[in-house]
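Read off the chains here:
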Amino acid sequence: MLNRRRFITGAAATAFAAPAILRAQSVFRAYPFSLGVASGEPAADGFVIWTRLAPEPLEQHGGMAMAPMPVTWEVASDEGFRTIVRHGEELARPELGHSVHVELTGLEPDRPYWYRFRAGGERSINGRARTLPATGASPAALRFGVAGCQNYGDGYFTAYRHLAREDLAFVYHYGDYIYEYRIDAVHPSRGGSLVAAARQGGEQDCFDLADYRARYALYKADTDLQRAHAAHSFFHTFDDHEITDNWVQDVDPDGAPTDLFRTRRAMALQAWYENLPVRRSMLPRYGAVSAHRSVRYGDLMKMEVLDTRQFRSDQPCEDGFKPSCPAVTDANAQVLGAEQEAWLARNLADRDSRWNCLAQQIMMMSLDRRTGDEPAKIMNMDSWAAYEVPRQRLLARMRGLDNVVVLTGDEHQNFAGILQSGDRPVAVEFVGTSISSGGDGSDQRRGSDRILAENPQLKFINDQRGYLTCEVTPDEWRTNFMVVDRVSTPGGALGKRATFAVARGQADLNQA
Ligand code: FE
Ligand code: CA
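Residues numbered from 1 in each chain as written. Chains lettered and ligands numbered in written order. Predicted model: local features only at pLDDT ≥ 70, side-chain atom pairs only at ≥ 80, totals over all residues. Heavy atoms only, no water.

1. Looking at the coordination of the iron ion (ligand 1)
Tetrahedral coordination by four donors places them ideally at 109.5 degrees to one another around the metal; octahedral coordination by six donors ideally gives 90 or 180 degrees. Short version of the rule: Donor atoms (N, O, S) are those found within 2.8 Å of the metal centre, with the cutoff raised to 3.2 Å for Na, K and Ca; water is not part of the atom list, so apparent gaps in a site can occur. The geometry test gives tetrahedral to four donors whose angles all lie between 85 and 135 degrees, gives square planar to four donors and octahedral to six donors whose opposite members are over 155 degrees apart with all other angles between 65 and 115, and gives irregular to the rest. To qualify as a helix, a DSSP run of H or I must reach at least 4 residues; to qualify as a strand, a run of E must reach at least 2; elements of each kind are numbered from the N terminus. For the exposure calls, accessible area comes from a 1.4 Å probe over protein chains only, and a residue counts as buried if that area is under 20% of its type's maximum, exposed if over 50%, partly exposed in between.
Here the iron ion (ligand 1) is held by Cys149 (SG), Asp176 (OD), Tyr179 (OH) and His412 (NE2), and the distances to it run 2.0 to 2.5 Å. Bound by four donor atoms, the iron ion (ligand 1) shows angles of 90 to 162 degrees at the metal and therefore irregular coordination geometry. Written as a sequence motif, the donor residues of the iron ion (ligand 1) are C-x26-D-x2-Y-x232-H. Separating the iron ion (ligand 1) from the calcium ion (ligand 2) is a gap of 3.6 Å, which Asp176 spans by donating to each of them. Note that Asp176 is positioned in the loop between strand E10 (171-173) and strand E11 (186-188) and His412 in the loop between strand E19 (404-408) and strand E20 (414-421), a separation of 236 residues in sequence. Summarising the burial analysis for this pair, Asp176 and His412 share the class buried.

2. Some points on the domain arrangement of the chain
Our working definition: Marked domain ranges trace back to an automatic or database domain assignment. Any two residues whose heavy atoms approach within 4.5 Å at even a single point are treated as in contact. Once two parts are brought into contact, the accessible area they lose, counted with a 1.4 Å probe and summed over both, makes up the buried area. When a carboxyl oxygen of Asp or Glu is within 4 Å of a side-chain nitrogen of Lys or Arg, the pair counts as a salt bridge.
For the chain, the assigned domains are domain 1 (1-131 + 201-233 + 240-288) and domain 2 (148-175 + 291-511). A separation of 29 Å is found between the C-alpha centroids of domain 1 and domain 2. Contacts between the two partners involve 24 residues from domain 1 and, on the opposite side, 28 residues from domain 2. Summing both partners gives a buried area of about 2,400 Å² for domain 1 against domain 2, and 54% of it is carried by carbon and sulfur. Run the count over domain 1 and domain 2 and you get three salt bridges. Secondary-structure elements contributing two or more residues to the side of domain 1 that touches domain 2 are strand E1 (37-43), helix H3 (209-220) and helix H4 (223-231).

3. Remarks on the state of the cysteines
Disulfides are covalent bonds that link the sulfur atoms of two cysteine residues. Here is the rule we go by: The definition used for a disulfide is geometric: two cysteine sulfur atoms within 2.5 Å.
Scanning all chains against the criterion turns up one disulfide. Just so you know, Cys470 is unpaired, no disulfide at all, and the nearest cysteine sulfur is the one on Cys357, 7.0 Å from it.

4. Points about the pairing of E1
Sheet faces and side chains relate simply in a regular strand, where the side chains alternate between the two faces. Our working rule: For two strands to count as paired, DSSP must find a minimum of two bridges between them.
Extensive coverage of E1 is indicated by the burial of six of its seven residues. Bridge analysis of E1 against strand E2 (residues 46-52) gives five bridges, and the strand direction is antiparallel. Along E2, the bridge assignment pairs Ser39 with Ile49. Connecting the antiparallel pair E1 and E2 is a turn made up of two residues. Across two bridges, the pairing between E1 and strand E13 (residues 233-236) is parallel. If you follow Gly40 over to E13, its bridge partner there is Phe234.

Right under this line is the structure:
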């Protein structure tokens, strides 16, 4: 589309190249920082800062020419950028969708920094990042956020607008950053009634790199999401919808041949890398991302960020919500894969931290999902419950620690419950809802009362949208379930639906 502004700036850029003034200096036809800025992977001495040039985000290549473009960046120790502590230039390359990832090191621990980018005569918004405390420090407190599952068509990202205002050390993102399938203006609910999409865009399913790039652009142009990224440093993982619904390993649930699915997965993970503030070590290599990692918040908390997709065996019983079948107790089944599981076992055995947090994707509790008059236990086959042997193996490793908190997403509902090894409580699990997936919801879903009644280990269930905040001290962990009253229209109000406390040394939940 040749609009007037493009014509003017284009003409100005060629005719008055040298001493141009004001916005005529821009070499872009439109604002190139349309997808915002982000920081991530905070450590005690630095973090990653990110942006991606996309003057026309929904056009091919984001409206960029297929050439590298220099982007300068600054990191300041004050909000007004009076003291610049680092600066440099990076090339935004077409191979990576004109994204820029800068890994900062040598910064001071446990403090905020501010950053911004410039390119072609334009500048980005300012972002704020925060380093973690020194590894040897003994922090008195930690407050962090947990979010994920942000289906664009299902609703507005109002919860992110509220999250941006929270005082947090960082945000853990449990995945489903995008949804790969097409957004229909109208679709039938499970019961057959009419559901209208809250927002339009993304008319086709994603299969190749251009499709996934365009999907990220649609999402990242959302200004509530941009506010959250500009305010907080994120730890990102991926779940299923970054690639396709309920994939595991190299198995396509829709039955595509393995080698074709690997190709699709590689492209989806490249787009994931391009659009998020993750480290260069998380660039896909031979189609796979090294995504599990350990984060230390001094000696207060060790957070093991897990990958429950890339190494998992195929879902038993042909997936879905079903009665159990013999494959649920397959002794060879894997959730983390042998290497990641051994790595996690070593980290849990270290006992060098007040709290052990497992930041992961799929529910670890084995819940009976019956909501009506089903004759036998109904299980979610895309959760740890369907992999009973590795699930029990991991829970047995938590015996005697009594300081394990599991953080989960995927379910699009809030849950809080207790994890048991045999009949002994060994950990608690907090399942965060979704930013928008599932639409407005309501306090309780039809059948929620039955689920609570059938599962004594489950203490809380709620079906609204929102995020979690976790407040951690050496002796107590508190999780707040923050919910918004609607996502189908903008401007939803935030409320604190519930708070649960865990005393260190007791795998138990107390509603505050
Ligand atoms: Fe989801
Ligand atoms: Ca999911």
